[in-house]
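# Coordinates in review
Each chain, letter by letter, is given below.
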Amino acid sequence: MKRIAIAGASGYSGAELIRFLLRHPEVEIVHLVAGEQSDKHLAAVFPSLARIVNRVLEKPDWSAIGADTDVALLALPHGVGIQAVPALLGAGARVIDLGADFRLRDPQSYRRWYGAEHQAANLLDEAVYGLPELNRERIRSARLVANPGCYPTAAALALLPLAPRLDGLETIIVDAKSGVSGAGRKAALDYAFTEVNESVRAYGALSHRHQPEIEQTLADAGAKIRIAFVPHLIPMTRGILATCYVPLDGDLGELDFGALCDLYETRYSREPFVRFSRDLLPATKNTLGSNYCDVAIRVDQERRIAVAFGAIDNLVKGAAGQAIQNLNLMLGLDETTGLLDAPLFP
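This is a predicted model, so every value here is computed, not measured. (Residues numbered from 1 in each chain as written. Predicted model: local features only at pLDDT ≥ 70, side-chain atom pairs only at ≥ 80, totals over all residues. Heavy atoms only, no water.)

Here the focus is the overall build of the chain. Summing up its helical and strand segments, the chain has 11 helices and 13 strands in all. Dimensions of the chain along its principal axes, counting C-alpha atoms only, are 60 × 45 × 40 Å. Looking at the chain as a whole, 54% of its 346 residues qualify as buried. Put simply, 70% of the contacts in the chain that link residues at least 6 apart link residues at least 24 apart. Of the accessible surface of the chain, which amounts to about 14600 Å², a share of 50% is contributed by carbon and sulfur atoms. Of the side-chain charges in the chain, 35 are positive and 41 negative, and the distance between the mean point of each set is 3 Å. (Helix = DSSP H or I, 4+ residues; strand = E, 2+ residues; numbered from the N terminus. Buried < 20%, exposed > 50% of the residue type's maximum accessible area, 1.4 Å probe, protein only. Contact = heavy atoms within 4.5 Å. Areas by Shrake-Rupley, 256 points an atom, 1.4 Å probe, with all protein chains shown as cover. Lys, Arg positive; Asp, Glu negative; His and termini not counted. Charge placed at Lys NZ, Arg CZ, Asp CG, Glu CD.)

Ranked by size, the top nonpolar core spans 43 residues in total, and within it L159, L162, L166 and L252 carry the most contacts. Ranked by residues supplied to this core, first place goes to helix α7 (residues 150–159) with 8 residues. Counting 39 residues, the second largest nonpolar core, distinct from the first, contains I6, L42, V145 and M330. (Core = buried A, V, L, I, M, F, W, Y, C linked by side-chain atoms within 4.5 Å.)

Scanning the entire structure with this criterion turns up 5 aromatic pairs. A ring pair is formed by Y110 and Y114, whose centres lie 5.0 Å apart and whose planes are at 20°; its orientation type is stacked. Note that Y110 and Y114 are positioned in helix α5 (residues 107–114) at a spacing of 4 residues, about one turn of the helix. This pair shows no difference in class: Y110 is buried, exactly as Y114 is. Put simply, the rings of Y264, Y268 and F276 touch in pairs and so form one group of aromatic residues. Over the ring of Y292 we find R275, and its NZ or CZ is 4.5 Å from the ring centre. (Phe/Tyr/Trp six-rings, centres within 6.5 Å; stacked < 30°, edge-to-face > 60°. Lys NZ or Arg CZ within 6 Å of the ring centre and 35° of its normal.)

We now examine the sheet that holds strand β1 (residues 2–7). As summarised here, the arrangement of the 6 strands in space is β2-β1-β3-β4-β6-β5, forming an open sheet in which the pairing is parallel. Sheet topology places β2 (27–33) and β5 (128–129) at the edges, where each strand pairs with a single neighbour. Alignment of β5 against strand β6 (residues 144–146), held across 2 bridges, turns out to be parallel. Looking at the pairing, Y129 lines up with A146 of β6. Of the strands in this sheet, β1, β2 and β3 (71–74) touch helix α1 (residues 12–21), which is tilted by about 155° from β1. (Pairing = 2+ DSSP bridges. Axes fitted to C-alpha atoms, helices over the stretch in contact; angles between N-to-C directions.)

At a closest axis distance of 9 Å, the pairing of helix α6 (residues 132–140) and helix α11 (residues 316–330) adopts a crossing angle of 40°. On the basis of their axis angle, the class for α6 and α11 is oblique. α6 and α11 meet at a crossing whose hand is right-handed. Between α6 and α11, the contacting residues are P132, E133, R136, I139 and R140 on the first element and K317, Q322, Q325, N326, L329 and M330 on the second. When grouped by side-chain class, the residues that make up the contact of α6 with α11 number 4 nonpolar, 3 polar and 4 charged. (Parallel < 35°, antiparallel > 145°, perpendicular 65-115°, else oblique. Left-handed = near helix turned anticlockwise from the far one by under 90°. Nonpolar A, V, L, I, M, F, W, Y, C, P; charged D, E, K, R; others polar.)

Spatially, 7 strands are ordered β8-β9-β7-β10-β13-β12-β11 in an open sheet, and the strand pairing comes out mixed. On the outer flanks of this sheet lie β8 (201–202) and β11 (274–276), each paired with one strand and no other. With 7 bridges joining them, strand β12 (residues 293–300) and strand β13 (residues 305–312) adopt antiparallel strand pairing. Bridge assignment links V299 to a residue of β13, and that residue is A306. In the packing of α7 onto the sheet, the strands contacted are β7 (171–178), β9 (226–233), β10 (240–247), β11, β12 and β13, and the crossing angle to β10 comes to about 45°.

As a further point, take the pairing of β2. Burial within β2 is extensive, with 6 of its 7 residues counted as buried. Summarising the sheet, β1 and β2 pair through 6 bridges and their orientation is parallel. Paired with I4 across the strands is I29, a residue of β2. A crossover connection joins β1 to the parallel β2 through α1; in handedness this β-α-β unit is right-handed. (Right-handed = clockwise from strand over helix to strand, strands pointing away.)

So this is what it looks like as structure tokens:
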């Protein structure tokens, strides 16, 4: 059994990591770490886990945790992981960072989008971007994996099959909707029920931190292209739907609906958690509580545009589930281990 630490165990992603790893046959959770909630019983923080997990949340002691852990999963706010990761790696643990600190490889880009100097920039080149559908082999041997953001996961999986043919296009529009859990458990007033109920609104329009992450991911897949990204907040708890508008120019201009569907089916035929459909458009409800991403594409030849769709549960494939998929790869396990639960429905 491999020894696992979960840091940020009092947050939504931390709770999902606990929920999935409790049933994982090859790992043991040995540390549950929290900051402000440390010294509290887990059931007091998450009553849903009462009589299931009888543990007290620990204060962070990164060197000690690293020495006692095979892999540490960090569900921490950006800036905090920068402090934890060097100590954990130095003590011998491998790390999966669910936060944003190691996703962008350029420290100048990090400073621009996150407003601070990167304090562990020497690790940025080593960090492997943890999208298994793109970097599976590199993830297997990585010491440090940067788990993708939720919006970039949905958008990238919607667009990856097109990536080799996107070079030369100027801009792709990514319009995405998310449930409020994406803001985390310490969300501000803007995310309170009375503020979001019966309302839909855009936020971070063309200035969201996930925009450069999506661009970097598509560049890694072969498409150096600009993304115009506009996220929206939807009055639901979980889920993301990314709708991506792609001009039918250049290499794409020659492809009709059938040919584009063939691209998707070929690209995703062996991916265990990506479900492509020619017939059905994705809905967040159909991925709820699961590690699946549902993908589809539509084409309007008259207007010369293709629209690609990706739907995920932002807390699972967009966070904890993808982290466990990466964990399985790092441990040499079948990457579906502990993750094959069907989505919740209705």
